[in-house]
Amino acid sequence: QSALTQPPSASGSPGQSVTISCTGTSSDVGGYNYVSWYQQHPGKAPKLMIYEVSKRPSGVPDRFSGSRSGNTASLTVSGLQAEDEADYYCSSYAGSTNLFGTGTKVTVL
Amino acid sequence: EVQLVESGGGLVQPGGSLRLSCAASGFTFSYFSMTWVRQAPGKGLEWVAYISSTTGTIYYADSVKGRFTISRDNAKNSLYLQMNSLRAEDTAIYYCARDGFGAYGMDVWGQGTTVTVSS
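Attention in this report is confined to the structure presented alongside it. (Residues numbered from 1 in each chain as written. Chains lettered and ligands numbered in written order. Predicted model: local features only at pLDDT ≥ 70, side-chain atom pairs only at ≥ 80, totals over all residues. Heavy atoms only, no water.)

Quick word on the overall build of chain B
The criterion, for reference: Numbering of helices and strands runs from the N terminus, with a helix taken as a DSSP run of H or I at least four residues long and a strand as a DSSP run of E at least two residues long. Throughout, radius of gyration means the C-alpha value; the globule benchmark is 2.2 Å times the number of residues raised to the power 0.38. Whether a residue is buried, partly exposed or exposed follows from its accessible area with a 1.4 Å probe, protein chains only, as a fraction of its type maximum: under 20%, in between, or over 50%, in that order. Should any heavy atoms of two residues lie within 4.5 Å, those residues are considered in contact.
Of regular secondary structure, chain B possesses zero helices and 11 strands. Each helix (α) and strand (β) of chain B, taken in turn from the N terminus, gives the series β-β-β-β-β-β-β-β-β-β-β. Against the globule reference of 14 Å for 119 residues, chain B gives a C-alpha radius of gyration of 13 Å, in line with a compact fold. Taking all 119 residues of chain B together, the buried fraction comes to 50%. Considering only contacts in chain B between residues 6 or more positions apart, those separated by 24 or more positions represent 53%.

Encoded structure:
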């Protein structure tokens, strides 16, 4: 049960876009349409931002979008805002287990 | 308001036991499967265990298999995690979450309860 691979950090200026990758295998990210993304601010519980690769829960701004190509999923935050500065984690269903990514700290410059 | 509230965390010695609880409100608890996720200090998220709505399906992470037991009482709208043979590496914030286990993602989270395993 290895964690999915994410870059440790990403950054962008307000108004710019940032894309975070999440690399797994054909047994998890590439094998199921069950990739989700979570935002976590310091000291807070995670918040669901994207589910089933590209679907947005009610209340999540459309600046957040998800996609997948092969065994790599991606989260794109467009029109960066100060409140988007947080840690982001991907997650994938993998049969009888659920894997999280290593996490990416997004900094708004 | 849809809400999950964890309790039961605390300081425990290595080899000891602890039982976490998660009280659900604002939704029909018996309709939803649930998950425990933990986060060690300064580290990332780690999925711990999953239980289906009717307790017919239960899964564990390899790191806790044989030591932790997930259960639920739908009549009490409550989720539990019995943790035995605790180790220092089990020290973490433990979150309960409403979880479609793939479908819908983990869409509702509690605020977490802290478990510290230390002598």
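Points about the sheet that holds strand β5 (residues 64–69) of chain A
All names here are of chain A. Let me state the cut-off plainly: A pair of strands is considered paired only if DSSP assigns at least 2 bridges between the two. For helices, the axis comes from a line fit to the C-alpha atoms of the stretch in contact; other axes are also lines fit to C-alpha atoms, and the angle between any two N-to-C directions lies between 0 and 180 degrees.
The strand order β2-β6-β5 describes an open sheet built from three strands, whose pairing is antiparallel. Two strands in the sheet have a free side with no partner beyond their single neighbour: β2 (18–23) and β5. Ignoring which end each strand starts from, the neighbouring axes of this sheet average 20° apart. In terms of strand pairing, β5 meets strand β6 (residues 72–77) through six bridges, oriented antiparallel.

A short note on the interface of chain B and chain A
Much of the literature gives interface size as the accessible area that the parts lose upon coming together. Defined as follows: By definition, a salt bridge exists where a carboxyl oxygen of Asp or Glu is found within 4 Å of a side-chain nitrogen of Lys or Arg. Pairs of N or O atoms are called polar contacts if they sit within 3.5 Å, as long as, within protein, a hydrogen donor faces a hydrogen acceptor (for residues adjacent in sequence, only side-chain-to-side-chain pairs).
In this assembly, 22 residues from chain B lie in contact with 19 residues from chain A. Run the count over chain B and chain A and you get zero salt bridges. Inspection of the region where chain B meets chain A yields five residue pairs in polar contact (both at pLDDT 80 or more). Listing elements by their share of the side of chain B that touches chain A, those giving two or more residues are β4 (34–39), β5 (45–51), β6 (58–60), β9 (92–99) and β10 (106–109) of chain B.

Quick notes on the sheet that holds strand β7 (residues 68–73) of chain B
Two strands in a sheet stick together by hydrogen bonds in their backbones, pointing the same way (parallel) or opposite ways (antiparallel). All names here are of chain B. Reading across from one edge, β1-β3-β8-β7 is the order of the four strands in this open sheet, with antiparallel pairing throughout. Of all strands in the sheet, those bounded by a partner on one side alone are β1 (3–7) and β7. Between one strand and the next, the sheet's axes are offset by a mean angle of 15°, whatever the strand orientation.

Concerning the pairing of β10(B)
Pairing analysis gives three bridges linking β9(B) to β10(B), with the strands arranged antiparallel. By the bridge assignment, B:Arg98 is partnered in β10(B) with B:Val108.

Here's the deal with the pattern of salt bridges
Between side chains of opposite charge, a pair can form as their charged atoms come close. Residue and element names in this part refer to chain B. A full pass over the atoms with the stated rule returns seven salt bridges over all chains. With a closest N to O distance of 2.7 Å, Glu 46 and Arg 38 form a salt bridge. Among the residues examined, Arg 38 registers a relative accessible area of 6% and is labelled buried. The residue Arg 98 makes a salt bridge to Asp 107 at a minimum N-O spacing of 2.6 Å. With a relative accessible area of 34%, Asp 107 lands in the partly exposed category. Overlapping salt bridges bring together Arg 38, Glu 46, Arg 67 and Asp 90 as one network.

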